[in-house]
Structures are given as structure tokens and as C-alpha cells.
Amino acid sequence: MKKVPMKAALFITAFFAFMGHFSLITKEEAPPVQKQEFRKITGKIKKGETLFDIFKKYKLDIIELYKIREASANIHRLRELYPGRPYKIVLDKNAQINSFIYGIDDDCFLNINRTDKGFRAEKVSIHHEKRILHIGGTIKDNLIASMEEGNGNLLLALQLSDIFAWDIDFTTDLRNNDSFKIVVEGLYLDGRFKKYGDILASEFSNNGDIYRAYAFKQNGKIDYYDKTGKSLRKSFLKSPLSFRRISSGFSRGRYHPILKIRRPHQGLDYAAATGTPVSAAGDGTVVFAGRRGQYGNLIIIRHRKGYKTYYGHLSKIGKGVRNGVQVDQGRVIGYVGATGLATGPHLHYEMRIDNRPVNPISLKIPRGAAISETMLIAFRQFTDQMNSELTSVKPSNHIAERNATRRRSQKDG
Ligand SMILES: [Zn+2]
């Protein structure tokens, strides 16, 4: 099929249809007129520092502190300040507080101003400029080591592993020279990159197979779909050991691939460190949680359509995981160990259909819900657009900023 050159207008439509889920941006009200003489105090909250400490340090009026706290009580409680968060205090010529600004998180700040009727507090959303970024890379050793350092790339890698968690086991399936392409939103403030937003589309080439994922909003929820519009979700995860759970807490430098998979019998053995969290591969009901002979600590989950999954040799069974309890896919149910007949710590994972053992790796598991017919045209427009984005992602390991969407629309439109 011949590729149709990108039509900017079409892209903008699809792009903003997609962006519709983003929280409403509160218009920042005009700041109150500042008096001629004032003093500014800016800083970042230190560990354990309270507003009281800051007031004391700069010899500010403690009565005003109570007024400020009271004014913001229903909007954002100032009792707990978080280390690293920025603040700004503006004083008038009488050394009284004119305004107090505190950065609640990356997306909003607290703005307190003096008015004729005392202090008035409001939460203001930060309007990030969104740009589309291209990231490409080739796997060397593991996904995390293959991403550039900084700029939230670890989080991006985890986001990527979540998207493909039903198709690719990022701890055991990756091969050197596998490659990935990511089209992702970059959120900018005053022209400076702040963080990544959602991955809009992605391609992962794993051992000769190519997987693509497209973000799409349906029934108020963003999810990822293949090119035909089928959800990437399946009733079973590719692995009961979540790459996200294994990797979080590892920095790029400290991460080493720790898993090996073996198949010596009716099931899979994942060598992993004692204490590695084990997730339920699918939604189901716990039908056994306790000691059972060679399995050691064992959990059995019953799923729909006669499926059961077994998790053996656990060092510990998760809190609240017992007979009759319903578990959701991905929930941590226990921790890797070496109980029962095991020479070293590993997870014994088994899947059965009507009590007949099957190989979970080669089993064809159908995908989840598809894009509804009424949304298919919009979905196709979006995938066409994303395909041309993906085509232009360089496989190098660096971030290239695509032409800013808005500027483009003005030029072309
Ligand atoms: Zn085993």
C-alpha cells in the first residue's frame, strides 16, 4: 500500500481528538496589581521544612502564616510541604505578604493573594506546551540500558513495557539488536522540556516480530490498540513477573538482567532473586494459597473458561491472598522464593486448561475488546498519521523533536 503524504489538518483533528482527555486548563487570572516596593523570597522546600520554619527564617509575620493556612485549607493543605517543591513569597513595602505561591506538583500550583477581604487561595493548572517527540533505540543488554539517561527515560521505558506486557516479556524475550520506536508527547514549560506525557504510538521489533501500539481514547479511557483496532490487552500477561515491578528502584547503571527462563517440565521456571514480586497473570479467583509438597508455598488461581495458573516455590504469599479471594490481572500475589523442592530461588509457573498442562508461551490468547465501529474512522486517521510519524523515527538512540504541531497548522492552514 502506498503511503499517503501527511495532511496537517487531518492530523490536527485526530491529534486534538486524542488530546481531549487532558484535564481542563484553568485560565490564570490577572495577577493583582503589585505595589511599587516589594521583596521576593524564592526557594525550594528542604527536607522536613515547614512553612513555620520558612516564616521564622525570613522573620515574617506568624499571624499571616495562620491566615494563609486558613485561606488555603479547603484547596490545598499547607501542613505538609514536599521537599524540592518551589515556593515564592512576595512582600509589600510594609513587609506584609502580598502573595504566596507553592508548586503542588508538575501540573499545578497554589496561588494565594492578599485581597481587600483577606487572603484568597486558588489552585492553578500549569499549561504545558505539548510537542511530539520521536525516540528510537536498539536493544543492548536490556531495555533500560538501551534508553538514554535522564529526562524521565526510565519511566518511559516502563510505560513502554506496560503497553506490550501481553506480548513481550521484557525480562526474558529481548534480544540484542531488537529495536523500538516511540512517538510520545513532550510537555514543555517556557520552552524547556519538563516531562513525557503519554506514548501516542510505538513499534517494537522483537526477535523478528514487529508489534505496533496506538493510543486511543474510548469510553473516556486511553488504551492501546493494534493496527486493526483490537486492544493489546489479553486475558493473560506474557509473564507473571512484571518488568515494571522488577525494574522500579533500579537505576540505569545498576540494572542487570536477572531473569532466566527454563522449561524442564510441565511449566516454566523463572530464575529471579528471592523477594521479586509475582503478579497474577490474569483476573481470577484464588482456589489455593498455602504449602503443597514439592511446590512449597503455592498459589493457584482459577480463571474463566477452565484456565488455572500455578505459582510455586514462593518465599511469601501476598497479604490478603487466600482461598476464595478475587484477584485482578497484575496484582502482586506473592514473592519469589525457594520453598519446596527447589535448588535456588525461582518462580515455578504453570498454566492448565481443564487441568491439562499447557505451555503458556506458545498458547494463542485472544485479544481484548476492539475499537467500536463508530470510532473506527477516527482511529484509522490516527493510525495513518502515527504510521508516518513512526516511519520517520530514526533508530538512533536520541530524541528528535518533530516540528511543533501548532506552528505547522498555521503554516499549512
Ligand atoms: Zn518448576
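Quick caveat, the model's predicted, so the values are computed rather than measured. (Residues numbered from 1 in each chain as written. Predicted model: local features only at pLDDT ≥ 70, side-chain atom pairs only at ≥ 80, totals over all residues. Heavy atoms only, no water.)

Q: Quick question: what am I supposed to make of the overall build of the protein here?
A: Of the regular secondary structure elements, the protein holds seven helices and 22 strands. Considering the protein as a whole, with its 413 residues, one finds that 45% of them fall into the buried category. The contacts of the protein with a sequence gap of at least 6 include a subset with a gap of at least 24, amounting to 66%. By element, 50% of the accessible surface of the protein is carried by carbon and sulfur atoms, the whole surface being about 22300 Å². (Helix = DSSP H or I, 4+ residues; strand = E, 2+ residues; numbered from the N terminus. Buried < 20%, exposed > 50% of the residue type's maximum accessible area, 1.4 Å probe, protein only. Contact = heavy atoms within 4.5 Å. Areas by Shrake-Rupley, 256 points an atom, 1.4 Å probe, with all protein chains shown as cover.)

Q: Where do I start with the nonpolar core in this structure?
A: With 28 residues, the main nonpolar core has Leu 143, Phe 164, Phe 180, Ile 182 and Phe 204 as its most contacted residues. Of all the secondary structure elements, the ones that give two or more residues to this core are strand E6 (129-138), helix H4 (153-163), strand E7 (179-189), strand E8 (192-206) and strand E9 (209-218). Examining the composition of this core, we find that five residues originate from one element, H4, more than from any other. Core analysis: the second largest hydrophobic core is formed by 26 residues, Ile 301, Val 321, Met 351 and Ile 353 among them. (Core = buried A, V, L, I, M, F, W, Y, C linked by side-chain atoms within 4.5 Å.)

Q: How should I be thinking about the coordination of the zinc ion in this particular structure?
A: Geometry sets the ideal angles at a metal, namely 109.5 degrees for four tetrahedral donors and 90 or 180 degrees for six octahedral donors. Protein coordination of the zinc ion is provided by His 265 (NE2), Asp 269 (OD) and His 348 (ND1), with donor distances spanning 2.0 to 2.4 Å. Donor residues for the zinc ion sit on one chain with the sequence pattern H-x3-D-x78-H. Residue Asp 269 is located in strand E12 (residues 267-271), and its partner His 348 is located in strand E20 (residues 346-353); the two are separated by 79 residues in the primary sequence. In terms of burial, Asp 269 and His 348 fall into one category: buried. (Donors = N, O, S within 2.8 Å, 3.2 Å for Na, K, Ca; no water.)

Q: Honestly, the sheet that holds strand E2 (residues 86-92) in this entry has me stumped. Any pointers?
A: As a general point, the strands of a sheet are linked pairwise by backbone hydrogen bonds and lie either parallel or antiparallel. The strand order across the open sheet built from five strands is E1-E2-E3-E4-E5, with neighbouring strands paired in antiparallel fashion. On the outer flanks of this sheet lie strand E1 (38-44) and strand E5 (118-125), each paired with one strand and no other. Averaged over all pairs of adjacent strands, the angle between strand axes in this sheet comes to 15°, irrespective of strand direction. Of the pairings in the sheet, the one linking strand E3 (residues 97-103) to strand E4 (residues 108-115) comprises five bridges and is antiparallel in character. (Pairing = 2+ DSSP bridges. Axes fitted to C-alpha atoms, helices over the stretch in contact; angles between N-to-C directions.)

Q: How should I be thinking about the packing of aromatic side chains in this particular structure?
A: Between two aromatic rings, the relevant description is the distance of the centres plus the angle of the planes. Taken as a whole, this structure holds 14 aromatic pairs when the rule is applied. In this structure an aromatic cluster arises from ring pairing among Phe 164, Phe 170, Phe 180, Phe 204, Tyr 211 and Phe 243. Over the aromatic face of Tyr 188 sits the side chain of Arg 131, whose NZ or CZ is 3.9 Å from the ring centroid. Directly above the ring of Tyr 335 sits Lys 316, whose terminal nitrogen or CZ lies 5.0 Å from the centroid. (Phe/Tyr/Trp six-rings, centres within 6.5 Å; stacked < 30°, edge-to-face > 60°. Lys NZ or Arg CZ within 6 Å of the ring centre and 35° of its normal.)

Q: Would you take a moment to explain H4 for this structure?
A: Residues spaced three or four apart along an α-helix point in a common direction, a consequence of the helix completing one turn every 3.6 residues. Along H4, eight of the 11 residues are buried, which leaves the element largely enclosed by surrounding structure. If you check which residues of H4 are buried, you get Asn 153, Leu 156, Ala 157, Leu 158, Gln 159, Leu 160, Ser 161 and Ile 163.

Q: It is not clear to me how the confidence of the model for the protein should be interpreted in this structure. Could you clarify?
A: Regions with low pLDDT should not have their predicted coordinates read in detail. Averaged over every residue, the pLDDT of the protein is 83; residues scoring 70 or more account for 83%. Considering only residues more than four positions removed or in separate chains, one finds that residues 250-257, a stretch of pLDDT under 50, has 15 contacts. Across residues 402-413, where pLDDT falls below 50, the model places 17 contacts with residues more than four positions away in sequence or in other chains. (pLDDT = per-residue confidence, 0-100.)

Q: How do you make sense of unusual backbone geometry when you look at a structure like this?
A: What you tend to see is this: most non-glycine residues have negative phi, and most peptide bonds are trans. A positive phi angle, close to 55°, is found at Asn 207, a residue other than glycine. Mapped onto the elements, Asn 207 comes out in the loop between E8 and E9. By relative accessible area, Asn 207 is classed as exposed at 52%. In the Ramachandran plot, Lys 305 falls in the positive-phi region, its phi being about 60° despite a non-glycine side chain. Relative to the helices and strands, Lys 305 is located in the loop between strand E15 (296-302) and strand E16 (307-314). In this structure Lys 305 comes out as exposed when scored by relative accessible area, which is 63%.

Q: Looking at this model, I keep getting lost on the environment of Asp 190. Mind explaining?
A: Turning to its location among the elements, Asp 190 is positioned in the loop between E7 and E8. Separated by 62 residues in sequence, Asp 190 and His 128 place their C-alpha atoms 8.4 Å apart.

Q: I keep staring at the pairing of E20 and nothing clicks. Help me out?
A: Put simply, side chains in a regular strand alternate between the two faces of the sheet. Of all eight residues in E20, eight are buried; the element is thus mostly enclosed. Burial along E20 is two-sided: the residues His 346, His 348, Glu 350 and Arg 352 and Leu 347, Tyr 349, Met 351 and Ile 353 are all buried. Relative to E20, E12 runs antiparallel, the two being bridged by four bridges. What sits directly across from Asp 269, in E20, is His 348. For E16 and E20, the ladder comprises six bridges, and the chain directions are antiparallel. Its bridge partner being in E20, Tyr 311 is matched across the sheet by Tyr 349. Bridge analysis of E20 against strand E21 (residues 356-358) gives three bridges, and the strand direction is antiparallel. Note that in E21 the partner of Arg 352 across the bridge is Pro 357.

Q: So what exactly am I meant to see when it comes to the sheet that holds strand E17 (residues 316-317) here?
A: Taken together, three strands build an open sheet; the order of strands is E13-E19-E17 and the sheet is antiparallel. Each end of this open sheet is capped by a strand with a single partner; those strands are strand E13 (277-279) and E17. Summarising the sheet, E13 and strand E19 (residues 332-335) pair through three bridges and their orientation is antiparallel. The residue of E19 that forms the bridge with Val 278 is Gly 334.

Q: Help me understand the pattern of salt bridges in this model?
A: Side chains carrying opposite charge are able to pair once their charged atoms draw close together. One pass over the full model with this rule turns up 13 salt bridges. Asp 167 is the partner of Lys 234 in a salt bridge, and the nearest nitrogen-oxygen pair spans 3.0 Å. Linking Lys 234 in the loop between strand E10 (221-225) and helix H5 (243-247) with Asp 167 in the loop between H4 and E7, this pair joins segments that are 67 residues apart in sequence. On the basis of relative accessibility, which here comes to 17%, the residue Lys 234 falls in the buried class. Residue Glu 350 is joined to Arg 352 by a salt bridge in which the shortest nitrogen-to-oxygen separation is 2.7 Å. For the pair Glu 350 and Arg 352, one class covers both residues: buried. Three or more residues joined by partner-sharing salt bridges are found here, namely Asp 167, Asp 226, Lys 234 and Arg 367. (Salt bridge = Lys/Arg side-chain N within 4 Å of Asp/Glu carboxyl O.)

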